[in-house]
Every structure is written in structure tokens, then in C-alpha cells.
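# Inside the fold
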Amino acid sequence: MKTFMIERYGDRAGVRAAEMPDPQVGADDVLVRIQAASVNPLDLKIRDGDLKAILPYRLPLVLGNDLAGVVVRAGSAVTRFAVGDEVYARPDEGRIGTFAELIAVHQDDVAIKPATLTMEEAASLPLVALTSWQALVERAQVQPGQKVLIHAGSGGLGTIAVQLAKRLGAHVAATASTAKVDLVRELGADLVIDYKRQAFETVLHGYDLVLDSLGGETLEKSLQVLKPGGKVISVAGPPDAAFARELGANPILRLAMSALSFRTRRRAQRRGVTYSFLFMKASGDQLGELTPLIEAGKIRPVVDRVFPFDQTREAMEYVEKGRAKAGKVVVTMT
């Protein structure tokens, strides 16, 4: 099968087209012919080797973390899907590889594609939709009337998180650049902070939750807008010991991750708030929970640009250089 893969970490020009053997299909797997996949910042981090301490992939490695396609084979123990089903998924982190013609995915990680979406639209959703769900519903348990701040509201994660938070009944604030304020407001944000003109930490106060996708100084300033008992959940900040335990990391790695997040956790504690790191998990069931909201138009995908499959490397460069105006970048196999 055709793929885009890397043979070593840290080589930006090393993403290349290559023929690889078709995947092995286990008893609980479905074999999906991929029709579209999307590009995530996670793909760039994996390519550069930034995550090799916690995600020790074997090289060569096919990149890609989101897909939409059609089931072409079902393992002997598969009960949830049949050949011909249109599906979408974020494969488990140990079985990535959606920049390819085929992928074998555990049936528990797959969901029926929303009927109202194209393959390209569906492929843009799994990773960011699951991240939004796991942050807002599973971990923060957002309730109606709570105040939620979502950074980078026009980004791939932000566009979905703003919509989901609004569906949960929250008062939603988001940060965005001047050119994207109107889009984020259209997605449902009650208040949009133009970060080029205003410092969000001087405008917002008494928030229950901040969803951070930027890390660094933005993460540190986010602690200031929370009320006592509030939470910052970050997908870009330093990993913590709880994440290390989820990974099943050895004691040395747990200690290292705890040390990485020590300063942020200490600052949060001094303010009477909490910090936690989120690395989303694959879940077909959670995608199934989101699908009715998507089909009802309550959550809509935002796709910036679609590249043909043979331009996958160019699509990654487009994301890396920050050229996307809003939402996700997708590659299509058709």
C-alpha cells in the first residue's frame, strides 16, 4: 500500500512516500480503506521525535492520527461493523498510521461516520473532537452556567471545543486573532478576546475552566483568570505524574514528568486552582456520543484546506508554518 512515513526522527524533509506491506488484521480489527486523513500538530511532534520518550514507536513509521474511510474487511471477533460501513476514527496511539491507503484499527476505536459529512469533513474531527469531549465532559464535567475559556478558538481543537462547551450550557470565552474573531463568535463563543489587541488575563476573571492548547506563557497567565477551585487542562503544557501513571511509565519517567510540571502545579496550588495535562485516548464510544450532535448541526467541522494524498508532506508544512486560517487541514485519497 502507499504511505507517507519517516525512517528517522527530526528530519523535516524525511517525510516521504513509500510502499509498505498491507496491515495485519487481528480478530478484533477492522481493515479500513482510508479516503481522507487530517494533519494535526501531534504529527509534527511525532515526526520531530519530541514524544519518543513517552511514545516509543518503531521506525520506519507511517504518520497520521485521524481517518475517515470504508471498512473492507472485518476480523473474526468483530461485532460492531461490517464490510461497506463508512467510519471515522482516531486510532489508538500505539497503532497510528492514517497517511496510508489502508489501516487496521481495533473495533472499539471506530465509529460510524456522521451521515451528514463528507469524508474530508469527517476526517477532520476524531482527534480534536475526542480531546474536546475528554477535557470538557469527562475530566472537567462542565455544567450549565459555568465559565469556560478556550485558547486558540479558531484552531483545529478550538473550533470544536467552543461548540461543545456551548452545547454543554457554558458561558464561553475564546482567544483569537483579529481576522478570526467573527468566525469564533459564529461558532458560539459569547466573548472573543482579540489577543493582538487585549491581554486576556486582564479582561477575564472568575472562570471555572481553561482549555489550553498553547502552553508556555499562555498557560502561566491562564492561572490568573480562574476562580478558586478552577481548573486548567492543557494539551500543550508539561506532562504530569498522573499522565505518567496512565501510560504505565516506569518510576524514573514518572518522576521526570512530575518534575517537568512542578513549577506550573506549584503556581496553580498557590492560587487555589489545579493544573492537569491531557493526552487524549481513542474511543469509538465517545465518537458515537458526538455523532448525533454533529448530524444535528450542533457541532460542525471547520476545514481550512484539502490537499491530495501525494502532497501530504506539503500539507504538513502548511500546518507547521501556520498558514491555516482556521480549523483543520485534510489530505484526501480520492
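First things first, this report covers the structure right here in the doc. (Residues numbered from 1 in each chain as written. Predicted model: local features only at pLDDT ≥ 70, side-chain atom pairs only at ≥ 80, totals over all residues. Heavy atoms only, no water.)

### Quick look at the packing of helix 3 (residues 126–139) against helix 11 (residues 284–295)
The geometry of helix 3 relative to helix 11 is characterised by a closest axis approach of 10 Å and an angle of 90° between their N-to-C directions. Of the possible angle classes, the one that applies to helix 3 and helix 11 is roughly perpendicular. Note on element contacts: helix 11 touches helix 3 through Gln286, Leu287, Glu289 and Leu290, opposite Pro126, Ala129, Leu130, Trp133, Gln134 and Glu138. Classifying every residue of the contact of helix 3 with helix 11 by side-chain character gives six nonpolar, two polar and two charged. (Axes fitted to C-alpha atoms, helices over the stretch in contact; angles between N-to-C directions. Helix = DSSP H or I, 4+ residues; strand = E, 2+ residues; numbered from the N terminus. Parallel < 35°, antiparallel > 145°, perpendicular 65-115°, else oblique. Contact = heavy atoms within 4.5 Å. Nonpolar A, V, L, I, M, F, W, Y, C, P; charged D, E, K, R; others polar.)

### Here we look at the pairing of strand 11 (residues 191–194)
Pairing analysis gives four bridges linking strand 10 (residues 171–176) to strand 11, with the strands arranged parallel. Across the sheet, the residue bridging to Thr175 is Ile193, located in strand 11. One crossover worth recording links strand 10 to the parallel strand 11 by way of helix 5 (residues 181–186), and it is right-handed. (Pairing = 2+ DSSP bridges. Right-handed = clockwise from strand over helix to strand, strands pointing away.)

### What to know about the pattern of salt bridges
Tallying each qualifying case throughout the model produces 18 salt bridges. Of the charged contacts, one joins Asp29 and Arg95 as a salt bridge, the two residues approaching to 2.8 Å between their closest N and O atoms. With a gap of 66 residues between them, Asp29 in strand 3 (residues 29–39) and Arg95 in the loop between strand 6 (86–89) and strand 7 (102–106) connect regions that are remote in the sequence. (Salt bridge = Lys/Arg side-chain N within 4 Å of Asp/Glu carboxyl O.)

### Some remarks on the sheet that holds strand 10
Taken in spatial order, the six strands of this open sheet run 11-10-9-12-13-14, and their pairing is parallel. Each edge of the sheet is formed by a strand with only one pairing partner; in this case those strands are strand 11 and strand 14 (274–277). Averaged over all neighbouring strand pairs, the angle between strand axes comes to 15°, with direction disregarded.

### A closer look at the layout of surface pockets
Estimated volume of the second largest pocket: approximately 440 Å³. Of all the secondary-structure elements, those providing two or more residues to the lining of the second largest pocket are strand 4 (61–62) and strand 7. When residues of the lining of the second largest pocket are assigned to their parent elements, the largest contribution, three residues, is made by strand 7. Residues that form the lining of the second largest pocket fall into these classes: 14 nonpolar, three polar and two charged. (1 Å grid on protein atoms, 1.4 Å probe; cavity = no way out; pocket = protein on both sides within 12 Å on 5 of 7 lines; lining within 4 Å. Points joined across faces, edges and corners; volume = space filled by probe spheres on them.)

### Considering the packing of aromatic side chains
This model, assessed by the stated rule, comprises four aromatic pairs. Both rings, one in Phe4 and one in Phe309, keep their centres 5.3 Å apart while their planes meet at 90°; by these two values the pair is edge-to-face. With Phe4 in strand 1 (residues 2–6) and Phe309 in the loop between strand 15 (303–308) and helix 12 (312–320), this pair connects stretches of sequence that are 305 residues apart. Plain terms: the ring middles of Phe243 and Phe279 are 5.9 Å apart, the flat faces sit at 40° to each other, and that makes the pair tilted. Pair noted here: Phe243 is in helix 8 (residues 241–247) and Phe279 is in the loop between strand 14 and helix 11, with a separation of 36 residues, a long-range link. As far as the burial class goes, Phe243 and Phe279 line up, both buried. Each residue in the set Phe243, Phe277 and Phe279 is aromatic and connected to the rest through ring pairs, giving one cluster. When the ring centre of Tyr318 is taken as reference, the NZ or CZ atom of Arg305 above it lies at 5.1 Å. (Phe/Tyr/Trp six-rings, centres within 6.5 Å; stacked < 30°, edge-to-face > 60°. Buried < 20%, exposed > 50% of the residue type's maximum accessible area, 1.4 Å probe, protein only. Lys NZ or Arg CZ within 6 Å of the ring centre and 35° of its normal.)

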